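Summary of the model geometry
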Amino acid sequence: MPPPGLSADQVSANIAAGYAISYVLSTVLIILLIKYLPSMFGIDPVKAGKDAEKEFSTGGDEEKLPSTFGFSDVGVLPIDVRAYKVTHTELVGRTVQDLYKQFPDAVVLKVVRGDEVLDASKNPTLQLGDVIGVRGEYSALIKEGEADIGNEVDEPRARNVDIEVADIHVGKSEHAGKTIAQLHSEVGFGVYFKALFRQGHQQPLLPQTTVEVGDVVRVAGSQWCVDQTASQLNSVPIVESTVTETFYLALALLVGYVFGHFSVTIAGIPFALGTSAGCMLTGIVFSFLRTRNPAFGGPMSEGARSFLQDIGLNLFVAVLAATVGPKILASFQGIIVIKIALLGVTAALVPPLLAWLYGLYVRKMNLRFSPVLVLVVVIAHLQ
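1. Describing the pattern of salt bridges
- A complete count under the given rule lists nine salt bridges for this structure.
- One salt bridge in this structure joins Asp154 and Arg159, with 3.2 Å as the shortest N-O distance.
- Under the relative-accessibility criterion, Asp154 is labelled exposed at 67%.
- Using a relative accessible area of 36% as the deciding quantity, one classes Arg159 as partly exposed.
- Overlapping salt bridges bring together Asp80, Arg82 and Glu152 as one network.

In structure tokens:
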């Protein structure tokens, strides 16, 4: 029942007016609050942002997140495939896998023997006079290639190796919990480790970095090598597709829509999250799951994502305006609109302020961890 002296239409109009006013004012005031909070507490946000950026630098190029559009771009890799003729007798009778265990930084991917071309997947045994295609870093090939193998030759068949980029979710296996260096020597035959992600954040790719269950390793190599590495990590390689995947997104929206319509009655008053909050919460959950397993949903074109975001927001505003627009004018009378604005602004500003205080003084969090403080760093970085 509406309060005495108010009709149901007036209550609806007041709610609509409160939403409209609070949305505009809170958006502006939250930006100003976050911008000036650090200086009010004696913190330099520019310095904090630079310190966090320096501390969490991966030490290399920033890679695109798993399953995002363009994540499989090969780019410029510090590796090459060169052809050498086997003239050193100590290599004769050795298999490709045996040589990898001894020289993990120089992998034999092709063996050309007359008219026959043998792939590394067949684990061939080297013979004197074979021409082998060796994949490794430039410095290692230049320094040790001819000295340890033989003369470099021009043999396109030995260097004809297709390179693909794939993301591999690290499952539960004997290799989980080992360092990048150990992982490369045990399962990294023929692949180059490009990046490491943990819960959607790129990690420093250093020899001593530990790879945990749930991490995503981005590798570059031939298809057979990538498949073999994924199999040993108890996973499957995720490669970029030209097809935009929307099923995962649609499923998340459906679950959020259904979840948002569940209501709980307390003291005779029904409470429900609503469609917006329901979709927001399921979006957070589904996004977290996808950071741990990029197989959940495929890559989405940035253009498609931007279009869905813009059209969704525009339709939301249009529907809201068409539904409650005529009712709002009835609430812009007397002091009621000021009360509504004050209540809306208070409800919008108190939560981020409390989050700031809790993160800063109770949890002793660095600027990069608290959601509110992260926005401070972003704003500082844009200054």
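2. Observations regarding the packing of aromatic side chains
- With the rule as written, the count across this model stands at two aromatic pairs.
- Both rings, one in Tyr100 and one in Phe189, keep their centres 5.1 Å apart while their planes meet at 70°; by these two values the pair is edge-to-face. In this pair, Tyr100 is assigned in helix α3 (residues 96-102) and Phe189 in the loop between α6 (180-187) and β6 (191-198), connecting sequence segments 89 residues apart. Each member of the pair, Tyr100 as well as Phe189, carries the same accessibility label: buried.
- With centroids separated by 5.6 Å and ring planes inclined at 85°, the aromatic side chains of Phe189 and Trp224 adopt a geometry described as edge-to-face. Placement of the pair is Phe189 in the loop between α6 and β6 and Trp224 in helix α7 (residues 223-232), with a sequence separation of 35 residues.
- A relative accessible area of 27% places Trp224 in the partly exposed class.
- Put simply, the rings of Tyr100, Phe189 and Trp224 touch in pairs and so form one group of aromatic residues.

3. Section: the sheet that holds strand β7 (residues 201-203)
- If you walk across this open sheet you meet the five strands as β7-β6-β8-β5-β9, and the pairing is antiparallel. Of all the strands in the sheet, the pair left with one neighbour each is β7 and β9 (237-238).
- Bridging between strand β5 (residues 164-169) and strand β8 (residues 216-221) involves six bridges; their strand directions are antiparallel. The residue bridging Ile168 from the neighbouring strand is Val217, located in β8.

4. Some details on helix α9 (residues 274-292)
- The terminal C-alpha atoms of α9, which comprises 19 residues, lie 28 Å apart, in line with the 27 Å expected from a rise of 1.5 Å per residue.
- Taken together, the buried positions of α9 are occupied by Gly278, Thr282 and Phe286. Taken end-on, α9 shows its buried residues confined to a sector of 50°, consistent with a single buried face. Opposite the packed face of α9, turned more than 90 degrees from it, sit the exposed residues Ser276, Met280 and Ile284.
- Looking at the packing, one finds that the buried side of α9 touches α8 (247-260).

5. Things to note about the confidence of the model for the protein chain
- Summing up the model confidence of the protein chain, the mean pLDDT is 79 and the portion of residues at 70 or higher is 81%.
- Taking the mean pLDDT of every element in the protein chain, the minimum, 46, falls on helix α12 (residues 371-382) and the maximum, 92, on strand β3 (residues 116-119).
- Per-residue pLDDT stays below 50 along residues 376-383; that stretch engages in 14 contacts with residues further than four places along the chain or on separate chains.

6. Digging into the nonpolar core
- Formed by 36 residues in total, the largest nonpolar core has its most connected members in Ile132 and Phe189.
- The greatest single-element share of this core, amounting to four residues, is contributed by strand β2 (residues 106-113).
- Not counting chain neighbours up to four residues away, the residues in contact with Ile132 comprise Arg82, Ala83, Tyr84, Val86, Val108, Lys110, Val111, Leu126, Ile149 and Ala158.

7. What about the side chain of Lys110?
- Position of Lys110 relative to the elements: it lies in strand β2.
- Its relative accessible area of 16% is what places Lys110 among the buried residues.
- Separated by 3.3 Å, the side chains of Lys110 and Asp119 make a polar contact.
- Not counting the four nearest positions on each side in its chain, Lys110 is found in contact with Val117, Leu118, Asp119, Val131, Ile132, Gly133, Arg157, Ala158, Asn160 and Val161.

Thresholds, definitions, all that
Residues numbered from 1 in each chain as written. Predicted model: local features only at pLDDT ≥ 70, side-chain atom pairs only at ≥ 80, totals over all residues. Heavy atoms only, no water. Salt bridge = Lys/Arg side-chain N within 4 Å of Asp/Glu carboxyl O. Buried < 20%, exposed > 50% of the residue type's maximum accessible area, 1.4 Å probe, protein only. Phe/Tyr/Trp six-rings, centres within 6.5 Å; stacked < 30°, edge-to-face > 60°. Helix = DSSP H or I, 4+ residues; strand = E, 2+ residues; numbered from the N terminus. Pairing = 2+ DSSP bridges. Expected span 1.5 Å × (residues − 1). Arc of directions from axis to C-beta. Contact = heavy atoms within 4.5 Å. pLDDT = per-residue confidence, 0-100. Core = buried A, V, L, I, M, F, W, Y, C linked by side-chain atoms within 4.5 Å. Polar contact = N/O pair within 3.5 Å; in protein donor to acceptor, adjacent residues only side chain to side chain.

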